[in-house]
Amino acid sequence: MKAKRTIIPSVVLLATCLLASCNEANRPSHERIEDNRSLTDEQFTVNSLAATDAFGRSFSSVSMANPEKETGMFYSLWHGSHESGIYDVTELKETNPTALWDVTSGTGLPTASPLGQYHYFGRPLYGYYDSRDPWVLARHCELFTMAGIDYLVFDTTNSVIYTDVVSALIEVWRKFAAQGFEVPKLAFYTNSHSQITVNSLYGIWFQDDSYDDVWYMVDGKPMLVTRKEDFTDLERLALYEERFTLKSSQWPDERMQRDAFPWMNWDWPQFNHNGTMSVSIAQMPGYNAANQEESNYGRGYTRATEGYEWGEQNLDEYEKGLNFEEEWRTVFDEELNEGKEVNNVFITQWNEWMAIKNRANNGDMQMVDGFDLIYSRDAEMTDSETGYGDGFYLQIARNLRNFAYEDGEHYLLDHQSISIGTDDPKWNEVEYTYRDFEGDAQFRNFENAATAGSPGYEVYSDLTARNDIVNTKIAHDNDNIYVRVETSADIIASSGDESWMNLFIGNPDLEERSAYADNFDFRIVPNGSGTLDVLTYDAETNEWVKKESAGAYVYAGDVIEYRIPRGSLGLAGGDPHLLLKVTDHLVDPTDVDDFYVSGDSAPIGRLAYEYAH
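So, how was this worked out
- Residues numbered from 1 in each chain as written.
- Predicted model: local features only at pLDDT ≥ 70, side-chain atom pairs only at ≥ 80, totals over all residues.
- Heavy atoms only, no water.
- Helix = DSSP H or I, 4+ residues; strand = E, 2+ residues; numbered from the N terminus.
- Rg over C-alpha atoms; globule rule 2.2 N^0.38 Å.
- Buried < 20%, exposed > 50% of the residue type's maximum accessible area, 1.4 Å probe, protein only.
- Contact = heavy atoms within 4.5 Å.
- Core = buried A, V, L, I, M, F, W, Y, C linked by side-chain atoms within 4.5 Å.
- Pairing = 2+ DSSP bridges.
- pLDDT = per-residue confidence, 0-100.
- 1 Å grid on protein atoms, 1.4 Å probe; cavity = no way out; pocket = protein on both sides within 12 Å on 5 of 7 lines; lining within 4 Å.
- Points joined across faces, edges and corners; volume = space filled by probe spheres on them.
- Nonpolar A, V, L, I, M, F, W, Y, C, P; charged D, E, K, R; others polar.
- Phe/Tyr/Trp six-rings, centres within 6.5 Å; stacked < 30°, edge-to-face > 60°.
- Axes fitted to C-alpha atoms, helices over the stretch in contact; angles between N-to-C directions.
- Salt bridge = Lys/Arg side-chain N within 4 Å of Asp/Glu carboxyl O.
- Patch = residues over 30% accessible without salt bridge, like charges linked within 9 Å, V, L, I, M, F, W, Y side chains within 5 Å.
- Areas by Shrake-Rupley, 256 points an atom, 1.4 Å probe, with all protein chains shown as cover.
- Lys, Arg positive; Asp, Glu negative; His and termini not counted.
- Charge placed at Lys NZ, Arg CZ, Asp CG, Glu CD.

(A) Local environment of the overall build of the protein chain. Broken down by element type, the protein chain carries ten helices and 30 strands. Its C-alpha radius of gyration of 25 Å places the protein chain within 12% of the 25 Å reference for a compact globule of 613 residues. With the C-alpha coordinates of the protein chain rotated into their principal frame, the extents come out at 70 × 55 × 50 Å. Classification of the 613 residues of the protein chain by burial places 61% in the buried group.

See the structure below:
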């Protein structure tokens, strides 16, 4: 397992590197241009995100989204609709492997790992959640929006449509779309009993245009993946052809069709469906993911990665997503993608998490589609201590930006000397605002996916939400960095609380870094006396250590402003290059998972706002 706290292995930051001159010679010289993009603040925010993952793989600001490129993702709705209890393969492998592999128990008998029951491959970062949990749905929406996902396709391939889950999700989606964010559009993928499934979907969602604002439109109509050959009612089929843009379901064990919509491809390089290509995290053509001797390709499987052998499973390096990276390589490599441009990438997948434990015909224990942390295909985060952390989410964000965005430019910035706490009108001259979801900082109180009274049942509660960060502006002059943060309501003060309205700042141009979460060199803490405590990260002890008190902060109503001396951040003269995250009420500022879970983080997770790229 990967260590819970991830750092860039380097020496502890030297005090001398805190002088403004420490990186003077290393600050890159860029020719800057006028910013004529006319973006909304929400678009600017997504374009200005940056991050480095636990393996040192980074992405930075981009200029513009390419309107000819789209990225979708397969999304499961089923948590809380099928589980009678919580059974976790990763936990069972460590604590009770005999029960895990036992196939003699009858369905429903009291056992630690019963046949016929859904088993999770590992523990999700947000727990074994119910798909209707609004706390989780808000975070999913924020994660997808910030990564740039254009659309989700719901898994209704087994003819269950989860109406209550879709209703709950649409309510959350509309809330954040109303704030100006380009949240992913929505579609359905049907397969088994396709006619019956489409009849149900149409009757609930598509008889009129009441929900057309949320659907993923292709050629001006909602896209629907289906099997036309299943339809015996041709009048109904004609109705659906008028209402939808129908795409044929493409299963990986069937003959490839150019005009079909692929759920997954078991071959590599993947098939190019007239510009649409499947990109999946792992593939299970052997059907039984629990039988690792069969031809299943886990997260660490390699075919053409430099430095690895053809066909290696790389079990100890599954967290790197080598298989996933090779699938993305097909998108970018003309020789691999048949020389036909890929303009739509479909990612499998986000949050399946479960498979049913069965007895195979040969008597072996069988789990189709997923088994453990290696032989599974979800990108959603696990906690960093027991699983792969946020690596696959960041892998999506990085590759998606390479695929669907134009490279970042270096834009001209105005120097502004701000008088903090005075409602200085110079803030109005700062062109763009970094936006965060309003309402993502909310209390959680929701049952998990298990049936009440069954193994693993609990109610998830999180009351750490306090100040809901919504807007951030950054400015600078030769001496200081200025930050203005606005919250959704008047700021709740908390005297002596070091988690109150923190800034995490990264200086990528420092010669020597010991960067927390691979991104942030400094933590700025308002100290209750009007000045700021500047903390640096000690990688050896995993602690934030106070270096000095400097600068100032002032807050009133729903606004707090910070003035931070550039010298305290090791920022040379000229345009400063920095990464910024605003947080409130993190439970553990040394645990990177907390950026996704507790209080509020703007932006969410390991992401940062990049200033003066």
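(B) The arrangement of the environment of Trp-263 in detail. In this structure, Trp-263 sits in the loop between β11 (260-262) and β12 (276-280). Separated by 14 residues in the primary sequence, Trp-263 and Ser-249 place their C-alpha atoms 7.5 Å from one another.

(C) Up close: helix α8 (residues 322-332). Summarising burial for α8: eight of the eleven residues are buried, a large majority. For α8, the complete set of buried residues consists of Leu-322, Asn-323, Phe-324, Glu-326, Glu-327, Trp-328, Thr-330 and Val-331. Elements in contact with the buried residues of α8: β12, β13 (344-348) and α9 (391-404).

(D) Structural context of the nonpolar core. Formed by 138 residues in total, the largest nonpolar core has its most connected members in Tyr-126, Tyr-393, Tyr-562 and Tyr-596. Here this core takes nine residues from helix α4 (residues 134-147), the largest share from any one element. For Tyr-596, the contacting residues outside a window of four places in its chain are Leu-125, Tyr-126, Arg-139, Leu-143, Met-381, Asp-390, Tyr-393, Leu-394, Ile-604, Gly-605 and Arg-606.

(E) Structural view of the pairing of strand β24 (residues 532-538). Among the seven residues of β24, seven are classified as buried, and the element is accordingly described as predominantly covered. Along β24, one buried face is formed by Leu-532, Val-534, Thr-536 and Asp-538 and the opposite face, lined by Asp-533, Leu-535 and Tyr-537, is buried too. Direction of pairing for strand β23 (residues 522-526) relative to β24: antiparallel, over a ladder of five bridges. Within β24, the residue paired with Arg-523 across the bridge is Leu-535. In this antiparallel pair of consecutive strands, β23 and β24, the connection spans five residues, and Gly-528 shows a positive phi of 90°. Sheet topology places β24 next to strand β25 (residues 543-550); seven bridges connect them, and they run antiparallel. Paired with Leu-535 across the two strands is Lys-546, which belongs to β25.

(F) Quick look at the confidence of the model for the protein chain. Here the protein chain averages 92 in pLDDT, while 94% of its residues score no lower than 70. In this model, residues 1-27 is a region of pLDDT below 50 whose contacts with residues beyond four sequence positions or in other chains number 86 contacts.

(G) Examining empty space enclosed by the protein more closely. Across all of its chains, the model carries three cavities of 30 Å³ or more by this definition. What the largest cavity holds in volume is close to 70 Å³. Around the largest cavity sit Arg-139, Glu-142, Asp-440, Phe-595, Tyr-596, Val-597, Ser-598, Gly-599, Asp-600, Ser-601 and Ile-604, which together line it. The element that contributes the greatest number of residues to the lining of the largest cavity is helix α10 (residues 594-597), accounting for three residues. Class assignment for the residues of the lining of the largest cavity results in four nonpolar, three polar and four charged.

(H) Structural view of the sheet that holds strand β26 (residues 552-556). Within the open sheet, the five strands sit side by side as β17-β20-β21-β27-β26. Their pairing is antiparallel. What marks the edges here is a single partner per strand, and that holds for β17 (434-435) and β26. Inspection of the sheet shows strand β20 (residues 469-476) paired to strand β21 (residues 480-487) by seven bridges, in the antiparallel sense. By the bridge assignment for β21, His-476 is matched with Ile-481.

(I) Spatial organisation of the packing of aromatic side chains. Under the defined criterion, the tally for this structure stands at 51 aromatic pairs. A ring pair is formed by Trp-205 and Trp-215, whose centres lie 6.2 Å apart and whose planes are at 80°; its orientation type is edge-to-face. Residue Trp-205 is found in helix α6 (residues 194-206), and its partner Trp-215 is found in the loop between α6 and β8 (217-218); the two are separated by ten residues along the sequence. Judged by its relative accessible area of 3%, Trp-205 is buried. Using a relative accessible area of 2% as the deciding quantity, one classes Trp-215 as buried. When the centroid spacing of 4.8 Å and the interplanar angle of 70° are considered together, the rings of Phe-206 and Phe-244 count as edge-to-face. Here Phe-244 lies in the loop between α7 (234-243) and β10 (245-250) and Phe-206 lies in helix α6, a separation of 38 residues in the sequence.

(J) Layout of the sheet that holds strand β14 (residues 354-359). Pairing is antiparallel across the open sheet formed by three strands, whose spatial order is β5-β14-β15. Only two strands of the sheet have a single partner each, and these edge strands are β5 (118-120) and β15 (365-367). Put simply, the sheet's adjacent strands are angled 40° from each other on average, direction ignored. In the sheet, β14 pairs with β15 via three bridges, with the strands oriented antiparallel. Across the sheet, Asn-358 pairs through a bridge with Gln-366, a residue of β15.

(K) Inspection of the pattern of salt bridges at higher detail. Taken as a whole and assessed by the stated rule, the structure comprises 30 salt bridges. Asp-53 is the salt-bridge partner of Arg-57, the closest N and O atoms lying 2.8 Å from each other. In terms of burial, Arg-57 and Asp-53 fall into one category: buried. The residue Asp-518 makes a salt bridge to Arg-606 at a minimum N-O spacing of 2.8 Å. One end of the pair, Asp-518, is in the loop between β22 (502-506) and β23; the other, Arg-606, is in the loop between β29 (600-602) and β30 (608-611), with 88 residues separating them in the sequence. Each member of the pair Asp-518 and Arg-606 is classed as buried.

(L) Region of interest: a negative patch on the surface. Together, Glu-34, Asp-414, Glu-429 and Glu-431 make up a negatively charged patch on the protein surface. Counting through the fold element by element, Glu-429 comes out in the loop between β16 (405-407) and β17.

(M) Summary view of unusual backbone geometry. The omega angle of the peptide bond from Thr-348 to Gln-349 is 15°, so this bond is cis rather than trans. One can find Gln-349 in the loop between β13 and β14. At His-193, a position not held by glycine, the phi torsion is positive, near 50°. Along the polypeptide, His-193 turns up in the loop between β7 (185-190) and α6. According to the relative accessible area criterion, His-193 is exposed, its value standing at 54%.

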